[in-house]
Structure formats: C-alpha cells, structure tokens
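# Descriptive structure summary
Single-letter residue listing:
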Amino acid sequence: MAVGTRPLVPSRLAPSRRSDGRETGLVHGTRRAPRTVVGGYIALTKPRIIELLLITTLPAMVMAERGWPSWGLIVTTLIGGTLAAGGANAINMYVDRDIDRLMERTASRPLVTGLIAPRNALVFALVLEVLAFGVLWGFANLLAAVLAVSATGFYVFIYTLWLKRTSRQNIVIGGAAGAMPVLVGWAAVTNSLGWAPVLLFLMIFWWTPPHFWALAIRYADDCRAAGVPMLPALVPPRVAVR
C-alpha cells in the first residue's frame, strides 16, 4: 500500500447508529476534534502526554530533596515542564501534519482540520519553549532549563525529523526525550546530576519502547498508511511482542 492512501481495514471500522440508537453498519471511526481555537491550541500541546511526563518529574524532585521540596519550586518546575513539553508536542504536530491526515487516530488534530494555521502553531510552540526556559531558569536553575529545552531539541530533531520516518528503532532511541523529565526534576532541586537520576532516566528509557509498541500494535494500520516504520507495523504481532 503506497504512502498517502488510507485503506479501509477492520481496525478502523466503528459501528454507526441511527437516531434510535440501533447499529446500521460499519463506517470509518473518528476522534472528536476540538471545535474552538482555544481548544485547538490546547490540543496542540497533547495534555495527556504532558500528564505522564509530570508524573515522573515530581517523584524525582522528592527523591532529590529526600523529602518534600518547597511548594514554590514544585509548582514552577511543573509549569516549566508543562510549557516545554507542550511546545515540543506542538512542534511535533507541525512537522507531522502531512502524515497525521493519513492516520485515523490523528485525522482530527487541529492542523489537519484547519482549525489552527501551521505558522501560528509553530509560533505558539516556540513561544512556549522560550517561556519554559525562562520559568525554569528564573525559579529553578539554569541546568534544569537547559535540560528541558534539550529534551525538546532531541524530540524534534532526532525523533520527529529523523528517526520516526526512517528507522524501526525510532522509539527505542527517541524515547530518551520522554525520560528527560526525571533529570529536569532532579536538577531543579539539586542544580546537579548524578548516578541516581541517571538510573531513573534509564528505567523510563527502557520502559518507553514496549509501551509505545503496544499502542502501535493497535494502530499498526495507521502506521502503514502513513509510512511510519514502527516495529509492530513491520513485523507480525508475535515478533513485535518478543
């Protein structure tokens, strides 16, 4: 199947219903698209992914402090992390808008539907990154700010622009960006790094590929349609599970 086509496959089919609630057949399933411009900008940041990143940031801060850090540091670090991750996710949507329109899972994203103009999305993303750097540098320290923006750079240039479309090992290497929040959280407290945060980083780094591969098994048809060489889209599920 050539890139640019969207095959009708069972995994993309969802039952349609009449007004009385009875099923009438199968049609392409879609995800609810944001309806307002504000909702579109929020969707660009991928809030559900941000939640996962923040969940790893806070425990790292507690471990670094060996207690509970000040509320001011916690709040500002989480805000800075939210801004950095949101900016990275928005850039990812900007870059991937061409293939997002080919996948059922992403067809309702605001850059695909036209709710947000690509240029506006990119400006929005860059502003978030500048704010993230400023918040983390101003209220935590320079090391935390540099780590957060470095994670964005890795996610955008190494994963999104290079590995995602060219290598079946894309998420194996690209997953490093998702493990960076523990380093940011640790650095925000101690203004340093060591073996403890590196071990936390490695734990999340090794957890990331099987997590994403499980999702890719479910959306393997989308990956094939868009030409994304995610492992489960290239090999049978039994091989991918191994």
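Owing to the predicted nature of the structure, the values given are computational and were not obtained by experimental measurement.

## With respect to the overall build of the chain
From N to C terminus, the chain includes 13 helices and two strands. In the chain, which comprises 242 residues, the share counted as buried stands at 44%. For the chain, long-range pairs separated by at least 24 residues make up 65% of all intrachain contacts whose partners lie at least 6 apart in sequence. Total accessible area computed for the chain in this model is approximately 12900 Å², and 66% of it derives from carbon and sulfur atoms.

## Some thoughts on the packing of helix H7 (residues 142-160) against helix H9 (residues 176-190)
Geometrically, a packed helix pair is captured by the angle between its two axes and the distance between the axes. Interaxial distance between H7 and H9 falls to 8 Å at its minimum, and their mutual angle equals 175 degrees. Here H7 is positioned roughly antiparallel relative to H9, judged by the angle of their axes. Contacts between H7 and H9 involve Leu 143, Ala 144, Leu 147, Ala 148, Ala 151, Phe 154 and Tyr 155 from the former and Ala 176, Ala 177, Met 180, Leu 183, Val 184, Ala 187 and Ala 188 from the latter. For the contact of H7 with H9, a count of residues per class yields 14 nonpolar, no polar and no charged.

## Observations regarding unusual backbone geometry
The backbone of Lys 46 sits at a positive phi, close to 55 degrees, despite the residue not being glycine. Assignment of secondary structure puts Lys 46 in the loop between helix H1 (37-44) and helix H2 (47-65). The phi torsion at Arg 66 lies on the positive side, around 55 degrees, for a residue other than glycine. When you line up the elements, Arg 66 lands in the loop between H2 and helix H3 (71-95).

## Comments concerning the packing of aromatic side chains
Evaluated as defined, the whole model comprises six aromatic pairs. Judged by centre distance (6.1 Å) and plane angle (10 degrees), the ring pair of Phe 201 and Phe 205 falls under stacked. Of this pair, Phe 201 and Phe 205 both sit in helix H10 (residues 195-218), four residues apart, which is roughly one turn of the helix. Each member of the pair, Phe 201 together with Phe 205, is buried. The cationic tip of Arg 97 hangs over the ring face of Tyr 94; the distance from NZ or CZ to the ring centre is 4.4 Å.

## Quick look at the nonpolar core
Leu 147, Met 180, Val 182, Leu 183, Val 184 and Phe 201 are the most contacted members of the largest nonpolar core, which totals 30 residues. Listing elements by their share of this core, those giving two or more residues are H2, H3, helix H6 (118-139), H7, H9 and H10. Looking at this core, the element that brings in the most residues is H9, giving ten residues. Setting aside its immediate chain neighbours within four residues, Phe 201 contacts Ala 176, Ala 179, Met 180, Val 182 and Leu 183. Grouped together as the second largest cluster of nonpolar side chains are twelve residues, Ala 88, Leu 102, Tyr 155 and Cys 223 included.

## Some remarks on the environment of Val 127
Position of Val 127 relative to the elements: it lies in helix H6. Residues Val 127 and Leu 83 lie 44 residues apart in sequence; the distance between their C-alpha atoms is 9.0 Å.

## Quick notes on the side chain of Thr 106
In this fold, Thr 106 is placed in the loop between helix H4 (97-100) and helix H5 (110-113). Thr 106 sits in the buried class, given a relative accessible area of 0%. Reaching out from Thr 106, the side chain makes a polar contact with the backbone oxygen of Asp 100 at a distance of 2.7 Å. If sequence neighbours within four positions are ignored, Thr 106 has contacts with Ile 99, Asp 100 and Val 112.

## Examining the pattern of salt bridges
Close approach of charged atoms allows side chains of opposite charge to pair. Tallying each qualifying case throughout the model produces four salt bridges. Here Asp 96 ties to Lys 164 by a salt bridge, and the two come within 2.5 Å at their closest N and O atoms. You can see Asp 96 sitting in the loop between H3 and H4 and its partner Lys 164 sitting in the loop between H7 and helix H8 (170-174), a full 68 residues away along the chain. Residue class for Asp 96 comes out buried when judged on its relative accessible area of 0%. The exposure class assigned to Lys 164 is buried, which follows from its relative accessible area of 11%. Of the charged contacts, one joins Arg 109 and Asp 100 as a salt bridge, the two residues approaching to 3.2 Å between their closest N and O atoms. Exposure class is identical for Arg 109 and Asp 100. Each is buried. Several salt bridges share partner residues, and in doing so they unite Asp 96, Asp 98, Lys 164 and Arg 165 into one network.

## A few points about the confidence of the model for the chain
Atomic detail in the predicted coordinates should be set aside for any region of low pLDDT. When pLDDT is averaged along the chain, the result is 84, and 81% of the positions lie at 70 or above. Here residues 1-30 is a poorly scored stretch, pLDDT under 50, and it has 53 contacts once near neighbours within four places are set aside; other chains count.

Rules used in this analysis
Residues numbered from 1 in each chain as written. Predicted model: local features only at pLDDT ≥ 70, side-chain atom pairs only at ≥ 80, totals over all residues. Heavy atoms only, no water. Helix = DSSP H or I, 4+ residues; strand = E, 2+ residues; numbered from the N terminus. Buried < 20%, exposed > 50% of the residue type's maximum accessible area, 1.4 Å probe, protein only. Contact = heavy atoms within 4.5 Å. Areas by Shrake-Rupley, 256 points an atom, 1.4 Å probe, with all protein chains shown as cover. Axes fitted to C-alpha atoms, helices over the stretch in contact; angles between N-to-C directions. Parallel < 35°, antiparallel > 145°, perpendicular 65-115°, else oblique. Nonpolar A, V, L, I, M, F, W, Y, C, P; charged D, E, K, R; others polar. Phe/Tyr/Trp six-rings, centres within 6.5 Å; stacked < 30°, edge-to-face > 60°. Lys NZ or Arg CZ within 6 Å of the ring centre and 35° of its normal. Core = buried A, V, L, I, M, F, W, Y, C linked by side-chain atoms within 4.5 Å. Polar contact = N/O pair within 3.5 Å; in protein donor to acceptor, adjacent residues only side chain to side chain. Salt bridge = Lys/Arg side-chain N within 4 Å of Asp/Glu carboxyl O. pLDDT = per-residue confidence, 0-100.

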